[in-house]
Amino acid sequence: MIYFDNNATTQIDERVLEEMLPFLKTMYGNPSSVHRLGRIAKSAIEIAREQVAALIDAPSSQIIFTSGGTEANNLALHHSNGLLAISAIEHPCVAEPASRKNAQIISVNADGLIEPETIAELIQNRPDFVSIMLANNETGVIQPITEIAAQLNEHGIVVHTDAVQAVGKIPVSFSKLGVQMLSLSSHKIYGAKGCGALVFDKSLSIQPLLLGGGQEQNRRSGTENVAAIVGFGKAAEFAKSELETRHAKMLELHLLLESELEKLPRVTIFAKNAPRLPNTTLFGIDKIEGEWVLLTLDQKGVCVSSGSACASEGQEPSPVLLAMGISPEQAKTAIRVSLSHRNTQAEVLQFIEIIKSLGV
Ligand SMILES: Cc1ncc(COP(=O)(O)O)c(C=O)c1O
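The structure presented is a predicted model; accordingly, all values stated were derived computationally and were not measured.

Draft legend 1. Looking closely at empty space enclosed by the protein. Within this structure, the stated rule accounts for two cavities of 30 Å³ or more. Roughly 80 Å³ of internal volume is contained in the largest cavity. As for the largest cavity, its lining consists of 13 residues, and the residues nearest its centre are Gly168, Lys169, Lys188, Tyr190 and Met250. In the lining of the largest cavity, the residues fall into five nonpolar, five polar and three charged. Built from parts of two domains, the lining of the largest cavity gets at least three residues from each of domain 1 (2-9 + 243-354) and domain 2 (14-241). By volume, the second largest cavity is sized at about 30 Å³. Taken together, Leu75, His78, His79, Met181, Ile206 and Gln207 make up the lining of the second largest cavity. For the lining of the second largest cavity, the class distribution of residues is three nonpolar, three polar and no charged.

Draft legend 2. Quick look at the site of the ligand. Taken together, 14 residues form the shell around the ligand, and within it Thr70, Asp162, Gln165, Ser185 and Lys188 come nearest. In this structure, Asp162 approaches the ligand through a side-chain N or O atom, which is 2.6 Å from a nitrogen atom. Side-chain polar atom of Ser185 to an oxygen atom of the ligand: 2.7 Å apart, as the coordinates give it. Considered on its own, the ligand offers 390 Å² of accessible surface; in the complex 86% of this is hidden by protein.

What counts as what
- Residues numbered from 1 in each chain as written.
- Predicted model: local features only at pLDDT ≥ 70, side-chain atom pairs only at ≥ 80, totals over all residues.
- Heavy atoms only, no water.
- 1 Å grid on protein atoms, 1.4 Å probe; cavity = no way out; pocket = protein on both sides within 12 Å on 5 of 7 lines; lining within 4 Å.
- Points joined across faces, edges and corners; volume = space filled by probe spheres on them.
- Nonpolar A, V, L, I, M, F, W, Y, C, P; charged D, E, K, R; others polar.
- Domains from an automatic or database assignment.
- Near = heavy atom within 4 Å.
- Polar contact = N/O pair within 3.5 Å; in protein donor to acceptor, adjacent residues only side chain to side chain.
- Areas by Shrake-Rupley, 256 points an atom, 1.4 Å probe, with all protein chains shown as cover.

Printed below as a string of structure tokens:
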């Protein structure tokens with residue numbers, strides 16, 4: 001099998017799993033319990049908090065563990081009490097809660113990037129809160145968040161960034177980005193699913209979404225997923241210490257993949273000219289539906305994604321590509337390859353041969 005769907009999820013790191021297992025087997029205490037097993041669990045969570053904080057260069061006291069990127073994003077948007085604005089290319093877990101708050105949508109250009117003029121126009125409408133993702137899960141496009149946040153902060157506007165896809169692939173520093181909130185997810189960095197975090201600026205008072213036992217300093221109630229949090233911490237530690245080597249490996253494979261794809265006359269690589277993640281390639285084969293390619297590749301043991309969501313009434317083109325001005329017909333051709341440092345050149349070349357065998 002060739003697994004090229006690492007933006008959907010990653011295979012858990014064996015070293016992470018080893019770290020987690022004792023917290024499922026013998027050290028199963030509830031971190032809120034005062035006895036020894038409880039104290040062991042509590043201190044393990046605090047170690048993980050330090051490890052996650054170190055990865056994104058933030059104080060550990062400003063990290064709230066959540067059930068994943070989805071909850072972190074929902075919690076972030078919950079902060080807005082006035083006019084909320086989000087970009088047109090956000091993940092559904094930002095777009096959906098934002099639509100319930102009648103959010104204003106910030107447009108992107110043909111490369112999938114937000115322009116400074118668009119932000120200047122947005123400021124005229126006086127939003128209280130703006131959410132713009134750091135890297136897009138479909139195209140891999142990286143937004144100039146530092147510049148955008150500086151522009152918005154000058155007007156006292158709170159900025160949140162969904163860094164779920166960026167973390168572990170490029171350096172991410174909460175303090176350097178200048179944002180007030182940032183979301184993370186464990187399973188995108190070789191940790192377990194169902195675990196994430198929201199990082200927040202200490203000037204903000206966080207209004208919890210979940211009320212109950214007052215865990216996470218009253219910011220997120222619910223008994224902590226101790227094993228997953230411990231794993232998240234360990235995954236964060238490796239994501240930090242191995243970032244350079246992982247980045248170099250992903251980039252090498254990415255360049256090989258794209259240089260080979262570009263030799264094929266019917267292939268278009270989307271957002272090719274924008275700064276992108278070192279692992280993500282969204283491409284289309286002229287007049288061939290991405291969904292068909294995906295299913296054909298699956299039969300041949302290759303796991304990729306199409307750039308579109310399957311709705312019961314048929315395949316919908318990706319809103320991300322539509323926002324970039326791509327026609328619905330072309331958007332429906334999209335196929336996403338998202339690599340890992342664990343993939344190999346041989347896999348990339350085998351993938352290219354399979355694509356060629358489709359008559360491209
Ligand atoms: C950009 C982005 N944000 C948020 C999420 C949601 O994260 P989780 O799966 O941890 O809820 C994803 C997952 O696909 C994502 O790609």
